[in-house]
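Commentary on secondary and tertiary structure
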Amino acid sequence: MMTVYEYASDVNKTVAEILTKCKQLEINVSSKDDYLSEDDIVMLDNSLDNYNEELEETLDEIVEDLIETKNIKVNDNSISKEKLKKKEITKTNKKDLAIKKKQMYKNKEKLISNTNVDNENIVFYKENMTISELAEAIGVSSAEVIKKLFSLGVMATVNNSISYENAEILVMDYNKELKKESSADVTNFEEFEIIDKEEDLVPRPPVVTIMGHVDHGKTTLLDTIRKANVASGEAGGITQAINAYQAKFNENLITFIDTPGHAAFTEMRARGASITDIVIIIVAADDGVMPQTKEAIDHAKAANVPIIVAINKIDKPTANIDKVISELTEYGLTPDTWGGDTLYNKISAITGEGIDELLENILLVAEMENYRANPNRYAVGTVVESRLDKHVGPVVTVLIQNGTLRLGDPIVVGTAYGKVRTLRNDKGEEITESKPSQPVEITGINEVPAAGDKFMAFETEKQARSIGEERKKNAREKDNASKSAISLDDLFSKIKEGIKEVNIIIKADVNGSSEAVKNSLESINVEGVKVKVIRSSVGGITESDIVLAKASNAIIIGFNIRPTNSIKEYAKENQVEIRLYNIIYKAVEDMEAAMKGMLEPIYEEKVTGSAEVRQLFKFSKVGTIAGSYVIDGVVTRSSKARIIRDSIVVYEGEINSLQREKDTVKEVKKGFECGITVDKFTDIKVGDIIEAYEIVEVKR
């Protein structure tokens, strides 16, 4: 249900026009605050569609009369024929839509509620669950549970709490499955788990994202696939109306999501959205592996989805396919023909060569992965993009991941809520419902959500409004529900909660260091958990590293490098931990101790200030004096110092002297110039950053 005012706003009409139309249709409303039923809305929709159609016909007749009376000649008869053809298609589509709307509204009750999670074989685990509470949930006596725990070597009483791992082993003995309580909380539908019966699941189209270096042909490939799906003679061709579309190949649909970049892809993952089933890494045959290619591989691997490699531009005379394959194998993408598990395709996005084989491989992976969904329940999915339209309000592109979304369905998107007012497919056509893996554009939401927000449809508007308001309240309390990456301090507690892998990003000064740190960390042997390096590269820490760390719940290890102040702030905002080392065994010791829960109090560096070297003065008695400008904090004479050149640490030592004009001083604050000499280091250069720091003890 919705008020007359809300309906008028949705269809871009005045309240007076809607009240007049209601009077004609004998709908019993008299003011803008009166409610319209679903049947009233269907009648109004059909009436307005007919009104617009009649108006269009009238305008066409006026134009034709003008042409005749003014004796205007129309040289190209095909223009009027095309116009008539489009007019007939539009008229037919509107009639079909009206019929489908009526049928759809009648069948609404057939969908399964997402809140229906009752299953006698599921036991829900809550934090600090006691033995007696678990026994009650299973349906057995506490004594029986205590006896089973004793056989596992665990001594406990009825009031003792039980770990998730032990509870999981216990419920398996009773042919039951253990799930966390949060998976049953419908207000938290990022973690809410929908349990479908096996017989209700049907195959769904795979969802594909194409990633790679700029100018390697991603956009051209998407365009080529899209154009290949234009039916011959289709009026007006095809226009992609949203940032996602479906293509048909061998009678099978494939959904393509066009993300603007790797950061956007991973930002969505950082918000809990895992919408991509398959990633295609596109590499130009005449260019090879480039920086963004490496970045794309890191992001795709972190998403833990199948990867297909498309080697593009094979038609160019400078193409070197073997070189590209050899480079990619260094990043773990070994071709299946070489005994690996990565499918490779040689294509030309411009000529279309190899495109069919690429699509065949996508369908092959989809068949092996067995992507399925239940179209007979209320829809759940993810926001792909959103915008604010001055005429219709928030317009949201969503991907249906399970269930069916229909016109009129109450819906919660992120912390926004509303009712699906219009549904448009990727061609901009109005439809009445959308199935799993289909991208659609919807209106009717009260706020503009963010890309990556999850959505869920419900049975009633009251339920959607209640859950939407509850989610907004929870988000406010949790500081917009920002997800913090893991830290060494809380690593042991996270392991106890059940994590099996510790994700690490390594940034080092040289390749040799990054490989050595990676091998050392991955060799750590702690029972039940292992270290997984999801990115290892040379250079300073970047925003891309922070985004990847947040999305993957990773810790960043920096070896012989220093992050800039802006990167430190960005990491702090995203609650990502950066650990800096210059000795490999120290990094290994800290990681191993954290994994075992034995991390001791540490000494931490506290950066007091930094200065930029702007001029050099060389004296035979004192050596090189760095004429510097303090750009941040305070530089003190008692500080330790490191010389940073292009984000790489080139020397560490102590400040030997600090001068302001001709005077020796104890400190120099931000915004002042000074002369600095560093103990036992003369190879200082203009542009270097002198970072002053102290060592302070940090209590855990």
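Residues numbered from 1 in each chain as written. Predicted model: local features only at pLDDT ≥ 70, side-chain atom pairs only at ≥ 80, totals over all residues. Heavy atoms only, no water.

Here we look at the pairing of strand 8 (residues 252-257)
Taken together, the three bridges between strand 6 (residues 207-212) and strand 8 define a ladder with parallel strand orientation. In the strand pairing of strand 8, V208 is matched with F256. Connecting strand 7 (residues 244-249) to the antiparallel partner strand 8 that follows it, the hairpin turn spans two residues, and N250 within it adopts a positive phi of roughly 50 degrees. (Pairing = 2+ DSSP bridges. Helix = DSSP H or I, 4+ residues; strand = E, 2+ residues; numbered from the N terminus.)

Some points on the packing of aromatic side chains
One pass over the full model with this rule turns up two aromatic pairs. Each ring, one from Y245 and one from F256, has its centre 5.5 Å from the other, and the planes form 25 degrees; the classification is stacked. Of the two residues, Y245 is situated in strand 7 and F256 in strand 8; the sequence distance between them amounts to eleven residues. Taken as a pair, Y245 and F256 share a single burial class, namely buried. Note on Y651 and F681: the rings are 4.6 Å apart at their centroids and 15 degrees apart in plane angle, and the pair reads as stacked. Of this pair, Y651 sits in strand 28 (residues 648-660) while F681 sits in the loop between strand 31 (673-678) and strand 32 (689-698), and the two are 30 residues apart along the sequence. Of the residues examined, F681 reaches a relative accessible area of 14% and is grouped as buried. Above the ring of Y5, the side-chain terminus of K32 is found at 5.7 Å from the ring centroid. (Phe/Tyr/Trp six-rings, centres within 6.5 Å; stacked < 30°, edge-to-face > 60°. Buried < 20%, exposed > 50% of the residue type's maximum accessible area, 1.4 Å probe, protein only. Lys NZ or Arg CZ within 6 Å of the ring centre and 35° of its normal.)

A word on the sheet that holds strand 22 (residues 530-538)
Spatially, the four strands line up as an open sheet ordered 22-21-23-24, and their pairing is parallel. Looking at the sheet topology across the chains shown, the edges are occupied by strand 22 and strand 24 (578-581). Sheet twist, expressed as the mean angle between neighbouring strand axes with direction ignored, is 25 degrees. (Axes fitted to C-alpha atoms, helices over the stretch in contact; angles between N-to-C directions.)

Quick look at unusual backbone geometry
Of note, E661 is a non-glycine position whose phi angle comes to about 60 degrees, a positive value. Locating E661 in the fold gives a position in the loop between strand 28 and strand 29 (663-664). For K680, which is not a glycine, the phi torsion comes out positive at approximately 60 degrees. Along the chain, K680 falls in the loop between strand 31 and strand 32. A relative accessible area of 74% means that K680 is categorised as exposed.

Let's talk about the sheet that holds strand 17 (residues 416-424)
Hydrogen bonds along the backbone pair up the strands of a sheet, which may run parallel or antiparallel. The strand order around the closed barrel formed by six strands is 13-14-19-17-16-20, and the pairing between neighbours is antiparallel. In this sheet, adjacent strand axes meet at a mean angle of 45 degrees when their direction is disregarded. Here three bridges tie strand 13 (residues 380-389) to strand 20 (residues 454-457), and the two strands are oriented antiparallel to one another. Opposite V380, over in strand 20, you have M456 as the bridge partner.

Section: the packing of helix 5 (residues 131-138) against helix 6 (residues 142-151)
As a packed pair, helix 5 and helix 6 sit with axes 8 Å apart at the nearest point and diverge in direction by 110 degrees. Between helix 5 and helix 6, the angle is such that the two are roughly perpendicular. For the pair helix 5 and helix 6, the sense of crossing is right-handed. In this structure, helix 5 uses I131, S132 and A135 to contact helix 6, whose residues at the interface are S142, V145, I146 and L149. (Parallel < 35°, antiparallel > 145°, perpendicular 65-115°, else oblique. Left-handed = near helix turned anticlockwise from the far one by under 90°. Contact = heavy atoms within 4.5 Å.)

Regarding helix 17 (residues 565-573)
Restricting attention to buried positions, one finds in helix 17 the residues I567, Y570 and A571. Relative to the axis of helix 17, the buried residues are bounded by an arc of 100 degrees and lie together on one face. Across helix 17 from its buried face, at more than 90 degrees, point the exposed residues S566, K572 and E573. Looking one or two places after helix 17, you find Q575, whose phi comes out positive at around 55 degrees. (Arc of directions from axis to C-beta.)

Focus on the pairing of strand 16 (residues 410-413)
Neither face of strand 16 is open: one carries P410 and V412, the other I411 and V413, and all of them are buried. With four bridges joining them, strand 16 and strand 17 adopt antiparallel strand pairing. Bridged to V413 within strand 17 is A416. Count of turn residues in the strand 16/strand 17 antiparallel hairpin: two residues, of which G414 carries a positive phi of about 65 degrees. Sheet topology note: the strand 16/strand 20 ladder contains three bridges and is antiparallel. Looking across to strand 20, one finds that I411 is bridged to A457.

Comments concerning the packing of helix 15 (residues 511-522) against helix 18 (residues 584-596)
Remark: helix 15 packs on helix 18, axes separated minimally by 10 Å, with the N-to-C direction vectors making an angle of 30 degrees. Between helix 15 and helix 18, the interaxial angle falls into the category roughly parallel. Of the two possible hands of crossing, helix 15 and helix 18 adopt the one that is right-handed. In this structure, helix 15 uses A516, V517, S520 and L521 to contact helix 18, whose residues at the interface are I584, A587, V588 and M591. A per-class count over the contact of helix 15 with helix 18 returns seven nonpolar, one polar and no charged. (Nonpolar A, V, L, I, M, F, W, Y, C, P; charged D, E, K, R; others polar.)

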